[in-house]
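Given next are the chains, with one letter for each unit.
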Amino acid sequence: MSFFEGTSSLRWYALKVFYRRYAAICATLNRDGVEYFIPPLRPDCMLMFVRTTSDYIAFLQTVLLEKGRVVCEPGAQRPAYVSDAEIEMFRLVTSMGANEFEVVDNLSSDRLKDYCRVIEGKWKGAEGFLARIRHRKRLVVTLGNFITVAATDYIPIAHLERISLPLWKQGA
C-alpha cells in the first residue's frame, strides 16, 4: 500500500526544523515525491509545510529524529494540519511582503478581532484577523488553531473591508 493513495487525503502539516537540517529533510521529501513549502520567515523560526497523508506524517515522525519534529495540536499528540485555503493565504501574504511581515509568538486568540480583507494597496487580496500589536492594528494570518505565523506591517483602516469568517476558517 502506498502512502499517497488518493489525493483527497492529502493535507498540509507543519514541521519544526532543527538548526541547519532543511537539506536533509528536503532530500527525504524529494526522494518520496512529497510536496513542501518553506516560507521566507526569520531565521530563528524554522518551519516548513508538507502536503501529504496522515500515514506519511506518522512515518516521518519516526525518521525525523534529530532533524526536526511534526507540530502537534495544542494539548494533543495528533499532528496539526492546515487547510489548503489557509496555506494559500499564507503563501500570498509571505510572497507579497518580503520582509514586511513578522512572526507573532504567543498571540492569544482573544486578541484576534474582526476578520478582514485588504481591498487597496500592496496587500490587496490578503485576508486575516485584526489585532493590536505594539500599539498598531495589523492584519494577522493564522494557520489552524496552533500557530500564528505572520502579521503584516501597518495597513490603513480605509484599505480594509470587514467580512464574515470564511467556512474554511470556522473549522480551525
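I will try to describe carefully the structure that is included in this document. (Residues numbered from 1 in each chain as written. Predicted model: local features only at pLDDT ≥ 70, side-chain atom pairs only at ≥ 80, totals over all residues. Heavy atoms only, no water.)

## Observations regarding the side chain of Arg138
Here comes step 1: Of note, Arg138 is situated in strand β9 (residues 136-143).
Here comes step 2: Take Arg138: its relative accessible area is 13%, and that puts it in the buried class.
Here comes step 3: Every residue in contact with Arg138, bar those within four places of it in the chain, is listed here: Glu102, Phe129, Leu130, Ala131, Ile133 and Thr152. (Helix = DSSP H or I, 4+ residues; strand = E, 2+ residues; numbered from the N terminus. Buried < 20%, exposed > 50% of the residue type's maximum accessible area, 1.4 Å probe, protein only. Contact = heavy atoms within 4.5 Å.)

## What about helix α1 (residues 22-31)?
Here comes step 1: Among all positions in α1, only Ile25, Cys26, Thr28 and Leu29 are buried. The arc that holds the buried residues of α1, viewed along the axis, is 160°, so those residues lie on one side. Along α1, the residues that are exposed and aim more than 90 degrees away from the buried face are Ala23 and Arg31.
Here comes step 2: Elements in contact with the buried residues of α1: β1 (11-17), β2 (35-37), β3 (47-52), α2 (54-64) and β4 (68-70). (Arc of directions from axis to C-beta.)

## Re the nonpolar core
Here comes step 1: Residues Phe49, Phe90 and Val118 are the most contacted members of the largest nonpolar core, which totals 24 residues.
Here comes step 2: For this core, the secondary-structure elements that each account for two or more residues are β1, β3, α3 (84-97), β7 (115-118) and β9.
Here comes step 3: For this core, the element with the highest residue contribution is α3, accounting for four residues.
Here comes step 4: Excluding residues that lie within four positions of it along the chain, Phe49 makes contacts with Trp12, Tyr13, Ala14, Glu35, Tyr36, Phe37, Pro39, Ile87, Phe90 and Leu143.
Here comes step 5: Counting 15 residues, the second-largest nonpolar core is a separate cluster that includes Ile25, Cys26, Val34 and Val70. (Core = buried A, V, L, I, M, F, W, Y, C linked by side-chain atoms within 4.5 Å.)

Everything listed is a geometric property; what it means functionally is a separate question.
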